[in-house]
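# Examination of the molecular architecture
The chain contents come next:
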Amino acid sequence: MYDEKMIAEAVKKAIEQVSDEKDQIKIGVSQRHVHLSREDLDTLFGKGFELTKKKTLMGREFASDQLVTLVGPSLKSIENVRVLGPVRKHTQVEISRTDTFVLKVSPPVRPSGEIKGSEKIVIVGPKGTVYLQEGVIIANRHIHLTPEYAEKHGIKDGDYVDVLVDSVKPTKFFDVQVRVRDDFNVEMHIDTDDANSAGLKNGDLVTIIKR
């Protein structure tokens, strides 16, 4: 005769093992946003202005209360674009492919921080305007991992993995960059276009497929 408690425990362990082997992680959908340098923050919001925190994202990064307007070369604009903090060495604007049709710009798909030779844009704030000569990108699909999670699953910073999406619109994302840092949450970031195309929302689970 089987012990019900032992059976329940065995089933629980089996489920945990399957889940562990699949390397499932949460999705975070990234809206269009702006990272500002200290100089550009001063220009847009006034000398010495400090961003005020609306929501903590991960580690030191946060969504601020501050909003700006993006203006493309055809003078088409997108208003109420959120500024993320803290300030960075260089200003960077991250938009989706759909946004490019509105703004009439052609930014490259890049990892965050790789802005050399990227697209231009005008940023308008309450106190001034910044004519950004480069810095507009469409962020590549990427995964944030803690060192503990990466080590446990045999994944390293800079690795590229595939990601399986089991949703109402099943799909597979290829060549997803992995970033490992001790202040990260375990989360895959995609933009609104990717989220809509795959039927994903914040908190949905996807599966890492190691190569």
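Everything numeric here is computed off the predicted structure, so don't read it as measured data.

## Brief notes about the overall build of the protein
The secondary structure content of the protein amounts to five helices and 14 strands. Looking at the protein as a whole, 43% of its 211 residues are labelled buried. The contacts of the protein with a sequence gap of at least 6 include a subset with a gap of at least 24, amounting to 66%. Counting every atom, the protein has about 12,200 Å² of accessible surface; 52% of that belongs to carbon and sulfur.

## Considerations on the sheet that holds strand E10 (residues 142–145)
Pairing in this closed barrel of six strands is mixed, and the strands run E1-E13-E10-E12-E11-E14 around the ring. On average, adjacent strands in this sheet sit at an angle of 40 degrees to one another, irrespective of strand direction. Relative to strand E14 (residues 205–209), strand E1 (residues 24–30) is paired through three bridges, and the arrangement is antiparallel. Of the residues in E14, the one forming a bridge with Ile25 is Val206.

## Concerning the pattern of salt bridges
A complete count under the given rule lists nine salt bridges for this structure. For Asp42, the salt bridge goes to Lys47, with nearest N and O atoms at 3.7 Å. With its nearest N and O atoms 3.7 Å apart, the salt bridge here joins Lys156 to Asp159. The partly exposed category is assigned to Asp159, whose relative accessible area is 21%.

## Observations regarding unusual backbone geometry
A cis geometry characterises the amide bond from Gly85 onward to Pro86, with omega recorded as 0 degrees. Relative to the assigned elements, Pro86 resides in strand E5 (residues 77–88). A positive phi is found at Asn80, a non-glycine position, where the angle reads about 55 degrees. Along the chain, Asn80 turns up in strand E5. Even without glycine at this site, Lys104 takes up a positive phi of about 60 degrees. Within the element layout of this structure, Lys104 appears in the loop between helix H3 (97–103) and strand E7 (109–110). Lys104 sits in the exposed class, given a relative accessible area of 51%.

## Some points on the side chain of Ser64
Tracing the chain through its elements places Ser64 in strand E4 (residues 61–71). Ser64 sits in the buried class, given a relative accessible area of 0%. At 3.1 Å, the side chain of Ser64 and the backbone nitrogen of Gln66 are in polar contact. Look past the residues within four positions of Ser64 in its chain and what remains in contact with it is Leu51, Thr52, Lys53, Lys54, Arg82 and Val83.

## Some thoughts on the environment of Pro170
Tracing the backbone shows Pro170 in the loop between strand E11 (160–165) and strand E12 (171–180). Considering only alpha carbons, one finds Pro170 and Leu200, 30 residues apart in sequence, at a separation of 9.8 Å.

## Describing the pairing of strand E2 (residues 33–37)
Sheet faces and side chains relate simply in a regular strand, where the side chains alternate between the two faces. Within E2, five of the five residues are buried, leaving the element largely enclosed by the surrounding structure. Sheet topology places E2 next to E5; four bridges connect them, and they run parallel. Looking across to E5, one finds that His35 is bridged to Leu84. Bridging between E2 and strand E6 (residues 92–94) involves three bridges; their strand directions are antiparallel. Bridge pairing in E6 links His33 to Glu94.

## Let's talk about the packing of aromatic side chains
Within this structure, the stated rule accounts for one aromatic pair. Relative to Phe49, the ring of Phe45 lies with its centre 5.1 Å away and its plane at 20 degrees, an arrangement referred to as stacked.

## Comments concerning helix H2 (residues 38–45)
What H2 keeps buried is the set Asp40, Leu41, Asp42, Leu44 and Phe45. Where H2 is buried, its residues contact E2, E4, E5, strand E8 (119–124) and strand E9 (129–139). At the C-terminal side of H2, Gly46 shows a positive phi close to 110 degrees.

Parameters and conventions
Residues numbered from 1 in each chain as written. Predicted model: local features only at pLDDT ≥ 70, side-chain atom pairs only at ≥ 80, totals over all residues. Heavy atoms only, no water. Helix = DSSP H or I, 4+ residues; strand = E, 2+ residues; numbered from the N terminus. Buried < 20%, exposed > 50% of the residue type's maximum accessible area, 1.4 Å probe, protein only. Contact = heavy atoms within 4.5 Å. Areas by Shrake-Rupley, 256 points an atom, 1.4 Å probe, with all protein chains shown as cover. Pairing = 2+ DSSP bridges. Axes fitted to C-alpha atoms, helices over the stretch in contact; angles between N-to-C directions. Salt bridge = Lys/Arg side-chain N within 4 Å of Asp/Glu carboxyl O. Polar contact = N/O pair within 3.5 Å; in protein donor to acceptor, adjacent residues only side chain to side chain. Phe/Tyr/Trp six-rings, centres within 6.5 Å; stacked < 30°, edge-to-face > 60°.

Honestly, it's all geometry; don't read function into it.
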